[in-house]
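# Per-entry structural report
Each chain, written out:
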Amino acid sequence: MSTHQTRTEPAAAVAPGRTPTSLTQGTGGLTKGGIGESTLRPDGILKVTGEFAYSSDLWHEDMLWGYTLRSTVAHATIASIDTSEALATSGVYAVLTYDDLPTEVKHYGLEIRDTPVLAHGKVRHHGEPVALVAADHPETARRAAAKIRVEYEDLPVVTDEASATGPGAVLVHEGRDDHHSGHVPHPNIVHRQPIVRGDAAAAAARADVVVTGDYVFGMQDQAFLGPESGLAVPAEDGGVDLYVATQWLHSDLRQIAPVLGLPEKKVRMTLSGVGGAFGGREDLSMQIHGCLLALRTGKPVKIVYNRFESFFGHVHRHPATLHYEHGATRDGKLTHVRCRIVLDGGAYASASPAVVGNAASLSIGPYVVEDVDIEAIALYTNNPPCGAMRGFGAVQACFAYEAQMDRVAAELGMDPVEFRQINAMEQGTVMPTGQVVDSPAPVAELLRRVKARPLPPERQWETTEGADVRALPGGLSNTTHGEGVVRGVGYAVGIKNVGFSEGFDDYSTARVRMEVVGGEAVATVHTAMAEVGQGGVTVHAQIARSELGVTQVTIAPADTQVGSAGSTSASRQTYMTGGAVKNTCEAVREKVLDIGRRRFGTYHPAWATAELLLENGRVVTDGGEALADLADVLDGEVVDLELEFRHRPTQAFDLRTGQGNGHVQYSFAAHRAVVEVDTELGLVKVVELACAQDVGKALNPLSVVGQIQGGTTQGLGVAVMEEIVVDPVTAKVRNPSFTDYLIPTILDTPTIPVDVLELADAHAPYGLRGVGEAPTLSATPAVLAAIRQATGLELNRTPVRPEHLTGS
Amino acid sequence: MRVTFTVNGREQAADDVWEGESLLYVLRERLGLPGSKNACEQGECGSCTVRLDGVPVCSCLVAAGQAEGRDVVTVEGLAGDDGTLSTVQQAFVDAGAVQCGFCTPGLLVAADELLERNPEPSDGDIREALSGNLCRCTGYEKILDAVRLAAARTGEAV
């Protein structure tokens, strides 16, 4: 823990006309508005009136529009680029290619700096940025970009494990020298993580049944609705002010500044309104491009992707092929698991190494298995780059191991839920990595809860006026009134880690200021946390109210003028930046009490002897006696602290055995899916998707349920509709639009009843457990299990398409 | 070209409009009304929904010139002149129907039109009316709650 008191003031750039604003919220009346209450979002009113400034809404006098020219092929050398005609276009201010990059740093990346800012001599995937244009109108920029002549000479494409690691495989990256390159078996493998524990071969000999299966998980897109966008404003000091939607300001900053040749303090970043993220904003998109154009033209530059470009502008969830072998004894005890998970990382590393670590370490699910032999790898290919998406490696594994659990249960003639409960992990279970699960792990209880819930009535579509087709498979297409419709029920449960793992120094910073304004003690919370919709700003205010006893809390805009808050990902922000706010508030409280003791200590002995709290604007003893108003204690004084907060340290996984205390915390959710399938047309209607999840402590129950329902729906999407289709011959994306990449509508999404458990994790702030990702894991296999039960089909890939159900 | 139309009750004119510009672009970039959102610009997501002579449309699919002389209502026009939230806006806030909020403006305009036409919608009616509006955060449950709440509050007020 350290304190930073030095602060830099922003240089005098002209502020944009429309910028992020502070959110001030009082609770009014008697509402205390602290943790555990469903307080309302401080940005809610701005969002329902249309006044909330998203990154695509920013505007600046005299601003230009940037546009990115992207490769039309997946793998090619660039023989030439001719920008002359584009540059001569009226209204165009700049055209930039690789040759215009200002410094020797021309690549960026989350962990491995392998991604070119602009293509250099070669493109490695369809849609790779090749050139940039700035013009006075977005259409002028687009048309000018179309006049840039790029001559490609096609190279053979690497598309799967066979073409990546087979004899004579073309290398996606020549001359690798990153820190994984030394231990991988082939240069087209980004990272490999084996986990070996016990003796799987010996255990297999004890098994009464052995089930093997091969599974395929399609490429899912985050499909956040707010497109990649931002505004870069050149400043008088030679730096740049960047307003952007991202998940981690300081990670962006670390990657942007060296490419621009600027010290980090001259790249001042402010978070703009973020229209969802789900992992897709962990990597850079337009950040460096916008800054380059702004610095080159001396004018503010706004870049907004359209949906087509957005599909190329961010990484996706890794598609995967998974091979599993499960063994069990006749009494339903798992003997061993062997598995191999191959993740397609695409052309650049992005978060692939960490996704591999997650997939491997969580590959057997929330079960007790002492003998395992696990391998996970991520490939370099010429497919679209893949990286972070909600669930991060654990999603693909859960789809496969839960299918396996159903198949083993069927082989044993056991109920699939009972079989899972027999093998369910609990507090004290040892993970395949050797890590002991040292907080509640209510896996069997979560399953019991979803199973105990009454089933939705059959034939709900029947009304007195005939069938309500909106409740049937095929919906308003009016394809059935119940004929050929069969119901199925399926269960699944999953395990997800919370926070950054494998020894990463994963800290968050919070600055908290307490002062008297208008006769009332108020607090200001300043962090760099990216509010992407999850409600972090809501809980920060709740934490400040609970810890400081104030009613009015201002959440300052997130920017890089305060220390890093880490990433809004890995289900970590309430734990980590919430933890940082709590931690700083506690230190502020101590300072306030010191002031109180100095001022009033001589008047009442309790100042020295009692446990003191800040409640409802007063200093009170733990016995409830009020000692002073906070406004009188503070008087003219201001308490202002900025502190870092860390979770307990983790360890890297051993590169040979996978052993190590790699994870911070685990979270668990279970689902029951009820589906109705039109078996003639292969159409699926999910009727209900019930979830039970342990959240440790629900800081804001309304938001917690919202997270669980949203995560569940993304899991439903990849079960029955969502997939980026990449041509296996050309490696080109076939469906970069919401016309062809379908996400669930309100008609596709069923009722999602949620059962929230609160079993405290003693290691975490308030006992809370990260919420966001776990529901995305088990929703998909639960839906698949239900469809299997309805149809009797094996269904070893997701998403399921109609032809998989009709066989034609 | 110059385009003149009524937005949220006020006549507005935009100059230098290129013929290919959408109503969405003119609202957002020329008239200072960025509340209507640009999630897909392909008519698939509904985030740009506005009412054109009362009818909900994807403003990204309407050429700006088509709005000439017509009446447009955007999310910015839902609240009262004094800033009081409309029933449906308040219900979205209260029900927790807003997360990232990018789909919210389009959903509000669509839900407002639904409740005007059908003050007591069934769940099926709500789902059908909002099926052109994608949301990626909420799983729609709280949006259903919000529309039910708005309908109930409107019913009480009558």
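Within an unreviewed UniProt entry, the label attached to chain B reads Carbon-monoxide dehydrogenase small subunit, and the organism entered is Actinacidiphila rubida.

For chain A, the name recorded in an unreviewed UniProt entry is Xanthine dehydrogenase, molybdenum binding subunit apoprotein, with Actinacidiphila rubida as its organism.

## So, the overall build of chain B
Helix and strand content of chain B: five helices and five strands. Of the regular secondary structure in chain B, the N- to C-terminal order runs β-β-α-β-β-β-α-α-α-α. The C-alpha atoms of chain B give 15 Å as radius of gyration, which agrees with the globular expectation for 158 residues (15 Å, within 12%). Principal-axis analysis of the C-alpha atoms gives chain B an extent of 45 × 30 × 25 Å. Counting across all 158 residues of chain B, residues that qualify as buried make up 58%. For chain B, the share of sequence-separated contacts (at least 6 apart) that also reach a separation of at least 24 residues comes to 51%. A distance of 4 Å separates the average location of the 13 positive side-chain charges in chain B from that of its 25 negative side-chain charges.

## Some words on helix H10 (residues 394-412) of chain A
Between its first and last C-alpha, H10(A) extends 26 Å over 19 residues, near the 27 Å set by a 1.5 Å rise per residue. Most of H10(A) sits inside the fold, with 16 of its 19 residues counted as buried.

## A word on the packing of aromatic side chains
For any two aromatic rings, the description comes down to two numbers: the centre-to-centre distance and the angle of the planes. The final tally for this structure, using the stated rule, is 14 aromatic pairs over all chains. Measuring from centroid to centroid gives 4.9 Å for Phe52(A) and Tyr54(A), while their planes differ by 75°, and the two rings are edge-to-face. You'll find Phe52(A) and Tyr54(A) in the same group, each marked buried. Aromatic pair Phe308(A) and Phe312(A): ring centres 5.3 Å apart, planes at 55°, arrangement tilted. Of this pair, Phe308(A) and Phe312(A) both sit in helix H8 (residues 307-313), separated by four residues, roughly a single helical turn. Classification of Phe312(A) as buried rests on a relative accessible area of 10%. Aromatic ring contacts, followed pair by pair, group Phe52(A), Tyr54(A) and Phe102(B) into a single cluster. Note that Arg572(A) overlies the ring of Phe500(A), its terminal NZ or CZ placed 5.8 Å from the centroid.

## Focus on the packing of helix H2 (residues 87-95) of chain B against helix H3 (residues 104-117) of chain B
All names here are of chain B. Axis separation between H2 and H3 bottoms out at 9 Å; the angle between their running directions is 125°. Classed by the angle they form, the pair H2 and H3 counts as oblique. Two packed elements cross with a definite hand, and for H2 against H3 that hand is right-handed. Between H2 and H3, the contacting residues are Val88, Gln89 and Phe92 on the first element and Thr104, Leu107, Leu108, Ala111, Asp112 and Leu115 on the second. Within the contact of H2 with H3, the residues separate by chemical class into six nonpolar, two polar and one charged.

## Focus on the interface of chain A and chain B
At the interface, 65 residues of chain A touch 52 residues of chain B. Summed over both sides, the interface of chain A with chain B buries roughly 4500 Å², with 59% coming from carbon and sulfur. It is Val48(A), Leu225(A) and Ile746(A) that lose the most area in chain A upon contact with chain B, and together they represent 18% of the buried surface on that side. Joining chain A to chain B, the criterion identifies six salt bridges. As a salt-bridge pair, Lys37(B) and Asp57(A) come within 3.1 Å of each other at their nearest N and O atoms. Scanning the region where chain A abuts chain B turns up 28 residue pairs in polar contact (both at pLDDT 80 or more). Looking at the side of chain A that touches chain B, the elements that each hand over two or more residues are helix H1 (44-49), helix H3 (138-146), strand E15 (301-304) and helix H17 (701-720) of chain A. A per-element tally of the side of chain A that touches chain B places H17(A) first, with eight residues. Taken together, the residues of the side of chain A that touches chain B break down into 31 nonpolar, 23 polar and eleven charged.

What counts and what doesn't
Residues numbered from 1 in each chain as written. Chains lettered and ligands numbered in written order. Predicted model: local features only at pLDDT ≥ 70, side-chain atom pairs only at ≥ 80, totals over all residues. Heavy atoms only, no water. Helix = DSSP H or I, 4+ residues; strand = E, 2+ residues; numbered from the N terminus. Rg over C-alpha atoms; globule rule 2.2 N^0.38 Å. Buried < 20%, exposed > 50% of the residue type's maximum accessible area, 1.4 Å probe, protein only. Contact = heavy atoms within 4.5 Å. Lys, Arg positive; Asp, Glu negative; His and termini not counted. Charge placed at Lys NZ, Arg CZ, Asp CG, Glu CD. Expected span 1.5 Å × (residues − 1). Phe/Tyr/Trp six-rings, centres within 6.5 Å; stacked < 30°, edge-to-face > 60°. Lys NZ or Arg CZ within 6 Å of the ring centre and 35° of its normal. Axes fitted to C-alpha atoms, helices over the stretch in contact; angles between N-to-C directions. Parallel < 35°, antiparallel > 145°, perpendicular 65-115°, else oblique. Left-handed = near helix turned anticlockwise from the far one by under 90°. Nonpolar A, V, L, I, M, F, W, Y, C, P; charged D, E, K, R; others polar. Buried area = accessible area lost by both parts, 1.4 Å probe. Salt bridge = Lys/Arg side-chain N within 4 Å of Asp/Glu carboxyl O. Polar contact = N/O pair within 3.5 Å; in protein donor to acceptor, adjacent residues only side chain to side chain.

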